[in-house]
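Take a look at the letters that make up each chain.
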Amino acid sequence: MRSIKILALLMSMLVQGYVFAEDVKKIREIHGYVVSNTEPVAYATILINGTTIGAATDANGHFYLHNIPSGDLTLVVSAVGYKSASHAVDAAEELDDKLKIELQESLITTDEVVVSASRNAVKRKDAPVLVNTIGTKMLESVQASSLADGLNFTPGLRVENDCQNCGFTQVRLNGLEGSYSQVLINSRPILSTMAGVYGLEQIPVNMIDKIEVVRGGGSALFGSNAIGGTINVITKDPLVNSYAIESNFAMINGEAPEFNLNASTSIVSDDYKSGMFLYGGIKRRDHWDANEDGFSEITEINANHLGLRAFYRPGDYSKINLDFGATKEFRRGGNNFDYKADMADIAEQLNHDIISGGLTFDQYSKDSKNKFSAYASGQYIDRDSYYGAEQDPAGYGKTYDYSAVAGLQETYYFDRLLFAPSTLTAGAEFIYGSLNDNKLGFYNQDSSRMEDNMNIADQYTTTLAAYLQNEWDFDIIKFLVGVRYDQIAVEDRVHSDIEKEVYPNWSPRVNLVYKPSEHLSVRANFSTGFRAPQIYSEDLHIEASAARKVIHINDPDLEAEHSWSLTGGFDYDLDFKSSALEIILEGFYTKLDNPFSSEYLWDEDEKILTDIRVNAEDGAIVSGVNLEVNYAFNNKMDLQSGFTVQSSEFESAQAWGELDESVSKHMTRTPSNYGYLVYSYYPTKKFMANVNMNYTGSMYVPHLETQETPEELVQTQEFLDIGVKLAYTFKLSGQTNLELSGGVKNIFNSYQDDFDTGVYRDAGYVYGPGLPRTYFIGLKISNI
């Protein structure tokens, strides 16, 4: 009852604020146009600062704002490839003539606006936390079809394939495995534990506007489990009336076909009070066998997706955003693809039905000093699975997963708080997760009886979180300090003898940026992290290895893991007459206390190898350096590159396999160096040529014992994956454009050449680039 009263009070205050905010005379309209070097800038975004009023330029650079409030205004103008600009409009200014706004071309986007530093929009070069971005231009250049394809092109970040059968992928940030990182959609943590298993491949690129990556703890507003970092997927907003239809066809090693068809459209009302972005697509990929043993190394995938993002502005100072998405995906690896899964020698088969949605309400005050946000998001997953070998009828499973997050956030801009202007942000979140995993019944021929369904996991988690953060602005120094409190409750309903566990945790985080000049930013960060014992994404992947199942569980005595980390470095950019340079150097050091490790237990009767998550006897240290160099030779040629050198080790040797002597200090599957390079050339506005490279250094990968090979910790070879893409755009008529493209991924076929073979293979012995040499062609029709 008390919480209901509090909610009612907040809503009452909100409505009063809304009524006050809308009680403003609207007497003006602004006609204008945006240019750069006398050329019109099409599809630029114009916003009135501190309100939700906005517009976009048409194909000729013209825009129209009407029914706008009286008083002094500031127009904020931004466009891809240009430096954002602000234009003040005085209350007494006569606007009979068209307003002209000049934008400067930006060869390197150091002043683009990001939100992942503190959940508030800020220029990237001014943010107290270093934020790397991957935009649609980069995703198109490297021929990415999903989120997983594009993440390798930022420093300190790798995407790896961990299963030869089903293609289970995970992301590593600063050398730490996937469960140490947080993947957000529009700053909301709606991706559940189960979604983390195959979710990187289930987010299509045609919904992505950009990807923001924060390495390390960053802001206190994000979860305490974001030890490695945060990946924030920003989806496309409806800005102008537009459409795009894109089709791509690829041949994996010239043998296995892959087909992608994506379509999207954006519709915006004339008064810019409402708009909707719709997207959808299909993916069809055949399985591929790398070593001709009859078992796949590339997974078969059939997937469909559909979604929307819409907005409505009830008034000049308020906005409602609605998100919805639905995905249906089938994937299978192994052999005997024309037969049922339990008729195969090896099969890992998944059917996913995923529905997600979210609602966000933003309210600004008239004086632009206050912003209130309320949000709620959820995701539901229904999964049918089969993990089995040697025609095992007991391999079928059924899993349900539901996750939800709801929160309130208040941001206030002080002219002065104690000793400097500041931005104070406070908020509260409630995160809920429900996971129910079942092994389906089957007819047991050995005992001649029907086995019942078995509940494997029934976990409920709730997180109550609150955070407080303040950013002081001393002109050349910005100081961001915050603290987050999480109370995580984990309930295991399968084992009634296990009591509900509650894990409270405080996570302080401190960030500082020092800007002695316009071109140099020096940053330092301290953060703490926390991971509670619970089911993680890899626990929901059952690997068929050496004709036996490998499952992952938590030890009953598993304790929470804590960490602290330091990062520091500088960001230097310089504009020359016709070129631009950016250099980012960042060092990181993370200490894990009570880190999670593994012990292995073999059950001869059930033929199951159990990977038990335990606490390591000592801690672990991950440290290294990220270097990023971006150089634009001119407006027709640019180069982006990044390289990481790191060390990831436990303080004492930990088990990586079944044998007593199978121990090592190395964190497996983590190379000590890796990097990327992307070179793009635009000789004309119609033609693009791109060369991209991904380097993966040597790493240690466990190879479990099979009938043909002993257990061994293998030091792998190095890989240099080079791709090429060419694209040309034809103007068909009016605003209709046709783009034709083609190229080759992994042109020199730098690919693993020692896969295990046959039914007794170790499916977890997989490393290196995700695809062999792959040829592709593409076609895109759009009006932008």
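Before reading further, recall that the structure is shown in the block above.
Q: Quick question: what am I supposed to make of the overall build of the chain here?
A: Counting its regular elements, the chain contains four helices and 47 strands. Computed over C-alpha atoms, the radius of gyration of the chain comes to 27 Å, within 12% of the 28 Å expected from 2.2 N^0.38 for 784 residues, which places it in the range of a compact globule. Each principal axis of the C-alpha distribution contributes one length, and for the chain these read about 90 × 65 × 50 Å. Put simply, 67% of the contacts in the chain that link residues at least 6 apart link residues at least 24 apart. Counting every atom, the chain has about 33400 Å² of accessible surface; 56% of that belongs to carbon and sulfur.

Q: Is there a simple way to explain the sheet that holds strand S11 (residues 132-135) in this structure?
A: The pairing of strands in a sheet comes from backbone hydrogen bonds and takes either a parallel or an antiparallel form. Ordered in space as S11-S15-S16-S14, the four strands form an open sheet in which the pairing is mixed. Only two strands of the sheet have a single neighbouring strand rather than two, namely S11 and strand S14 (181-185). This sheet shows a mean twist of 15° between the axes of neighbouring strands, independent of strand direction. As paired elements, S11 and strand S15 (residues 208-215) share four bridges and run antiparallel to each other. Within S15, the residue paired with Gly135 across the bridge is Lys210.

Q: Help me understand the nonpolar core in this model?
A: When a protein is soluble and globular, its nonpolar side chains tend to lie buried together. Counting 33 residues, the largest nonpolar core has Leu147, Leu151, Leu157, Ile208, Ile211 and Ile231 as the members making the most contacts within it. At three residues, the largest contribution of residues to this core is made by S15. Those residues within four positions of Ile208 in sequence are excluded, and the remaining contacts are Thr136, Leu139, Leu147, Ile203, Val233, Ile234, Thr235 and Lys236.

Q: Where do I start with the sheet that holds strand S6 (residues 73-78) in this structure?
A: Strands sit in the order S4-S3-S6-S7 across an open sheet of four strands; the sheet is antiparallel. With partners counted over all chains shown, the strands left at the sheet margins are strand S4 (54-56) and strand S7 (85-89), one partner each. In this sheet, neighbouring strand axes are inclined to one another by 20° on average, regardless of whether the strands run parallel or antiparallel.

About the cut-offs
Residues numbered from 1 in each chain as written. Predicted model: local features only at pLDDT ≥ 70, side-chain atom pairs only at ≥ 80, totals over all residues. Heavy atoms only, no water. Helix = DSSP H or I, 4+ residues; strand = E, 2+ residues; numbered from the N terminus. Rg over C-alpha atoms; globule rule 2.2 N^0.38 Å. Contact = heavy atoms within 4.5 Å. Areas by Shrake-Rupley, 256 points an atom, 1.4 Å probe, with all protein chains shown as cover. Pairing = 2+ DSSP bridges. Axes fitted to C-alpha atoms, helices over the stretch in contact; angles between N-to-C directions. Core = buried A, V, L, I, M, F, W, Y, C linked by side-chain atoms within 4.5 Å. Buried < 20%, exposed > 50% of the residue type's maximum accessible area, 1.4 Å probe, protein only.

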